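Working through the structure, step by step
One letter stands for each residue in the lines below.
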Amino acid sequence: MQKKQIWVLHGPNLNRLGLREPQIYGHTTLDQINQRLTQLGESQGFLVQCHQSNHEGALIDLIHQAPSAPVSGFVINPAAFTHTSVALRDALAAVDLPFIEVHISNVYRREPFRHQSYFSDLAQAVICGFGPRGYELALDHLIAQLQPSS
Ligand code: DQA
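Just so it is clear, the model here is predicted, and its values are computed rather than measured.

**A short note on the overall build of the chain**
What the chain contains, in helices and strands, is five helices and five strands. Relative to the globule expectation of 15 Å for 150 residues, the C-alpha radius of gyration of the chain, 14 Å, shows essentially globular dimensions. Within the span of the chain, comprising 150 residues, buried residues form 46% of the whole. Expressed as a percentage of contacts within the chain between residues at least 6 apart in sequence, the contacts between residues at least 24 apart total 77%. Within the structure as shown, the chain displays about 7,800 Å² of accessible surface, and the carbon and sulfur contribution to it stands at 49%.

**With respect to the sheet that holds strand 5 (residues 125-128)**
Sheet architecture is open: five strands sit in the order 2-1-3-4-5, paired in parallel fashion. At either margin of the open sheet sits one strand with a lone partner, and together these are strand 2 (46-52) and strand 5. Across this sheet, the average inter-strand angle for adjacent strands is 20°, counted without regard to direction. Pairing of strand 1 (residues 4-10) with strand 2 involves seven bridges; the strand directions are parallel. Counterpart to Leu9 in the pairing with strand 2 is His51. On top of the sheet, helix 3 (residues 56-65) reaches strand 1, strand 2 and strand 3 (73-77); it is set at about 170° to strand 1, its chief contact.

**What about the site of the ligand?**
Taken together, Arg20, Tyr25, Asn77, Ala79, Ala80, His83, His103, Ile104, Ser105, Val107, Arg110 and Arg114 make up all the residues around the ligand. One of the side-chain nitrogen or oxygen atoms of Asn77 is found 2.9 Å away from an oxygen atom of the ligand. Taking His83, its side chain carries an N or O atom lying 2.7 Å from an oxygen atom of the ligand. Starting from 320 Å² of accessible surface for the ligand in isolation, the protein chains cover 99%. Grouping the constituent residues of the shell around the ligand by class yields five nonpolar, four polar and three charged.

**Structural notes on the packing of helix 2 (residues 30-43) against helix 5 (residues 133-146)**
Packing of helix 2 against helix 5 brings their axes to within 10 Å, and their N-to-C directions diverge by 25°. The angle between helix 2 and helix 5 falls in the class roughly parallel. The interaxial crossing formed by helix 2 with helix 5 has right-handed handedness. Residues Ile33, Arg36, Leu37, Leu40 and Gly41 of helix 2 touch helix 5, and the partners they reach there are Tyr135, Glu136, Leu139, Asp140 and Ile143.

**Considerations on the pattern of salt bridges**
Charged atoms that come close allow side chains of opposite charge to pair. Applying the stated criterion to the full structure yields five salt bridges. Of the charged contacts, one joins Glu136 and Arg36 as a salt bridge, the two residues approaching to 3.0 Å between their closest N and O atoms. Here Glu136 is found in helix 5, whereas its partner Arg36 is found in helix 2, with 100 residues between them in sequence. Connected through salt bridges with shared partners, the residues Arg110, Glu111 and Arg114 form a single ionic network.

**Quick word on unusual backbone geometry**
That bond from Ala69 to Pro70 is cis: its omega, -10°, falls within 30 degrees of zero. Among the secondary structure elements, Pro70 is positioned in the loop between helix 3 and strand 3. Even without being glycine, Asn13 reaches a positive phi, approximately 75°. Mapped onto the fold, Asn13 is located in the loop between strand 1 and helix 1 (22-25). Classification of Asn13 as partly exposed rests on a relative accessible area of 38%. One non-glycine residue with positive phi stands out, namely Asp96, at about 55°.

Here is what the cut-offs are and how they apply
- Residues numbered from 1 in each chain as written.
- Predicted model: local features only at pLDDT ≥ 70, side-chain atom pairs only at ≥ 80, totals over all residues.
- Heavy atoms only, no water.
- Helix = DSSP H or I, 4+ residues; strand = E, 2+ residues; numbered from the N terminus.
- Rg over C-alpha atoms; globule rule 2.2 N^0.38 Å.
- Buried < 20%, exposed > 50% of the residue type's maximum accessible area, 1.4 Å probe, protein only.
- Contact = heavy atoms within 4.5 Å.
- Areas by Shrake-Rupley, 256 points an atom, 1.4 Å probe, with all protein chains shown as cover.
- Pairing = 2+ DSSP bridges.
- Axes fitted to C-alpha atoms, helices over the stretch in contact; angles between N-to-C directions.
- Near = heavy atom within 4 Å.
- Polar contact = N/O pair within 3.5 Å; in protein donor to acceptor, adjacent residues only side chain to side chain.
- Nonpolar A, V, L, I, M, F, W, Y, C, P; charged D, E, K, R; others polar.
- Parallel < 35°, antiparallel > 145°, perpendicular 65-115°, else oblique.
- Left-handed = near helix turned anticlockwise from the far one by under 90°.
- Salt bridge = Lys/Arg side-chain N within 4 Å of Asp/Glu carboxyl O.

The following block contains the structure:
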């Protein structure tokens, strides 16, 4: 049987993790995060694919491709698009696949403009402030949701 697929989507500037504002985002790189997620997925019999883009349209195009991949769900850190992008929100609503929103930092301890998300009311769950571990918690939860109940 073909493995179920989960896509992890990272928004703008997350390719700079490890170098970017380490006092906020820590020293773990995106490659290290992706490697852990891929392994975690594999250990549970899921195929995890990770994508990062600095471009809103590229992320939207990817989301549109998900149903035919076929993808069963997403873990997404929309990064700054969290607070700005109706278009990305609409793309997720359009494909109607479950997703978990992740933020490395606790956005509620930061500037007020980061307290608004265009995604949270559509998300299955929201994880923020757990550092890179938040991605693993999100993936673990999504996998549990997608496993056939025994
Ligand atoms: C972020 C929080 C956003 O406000 C910010 O624009 C990011 C990263 C986080 O993971 O904490 O780029 O999504």
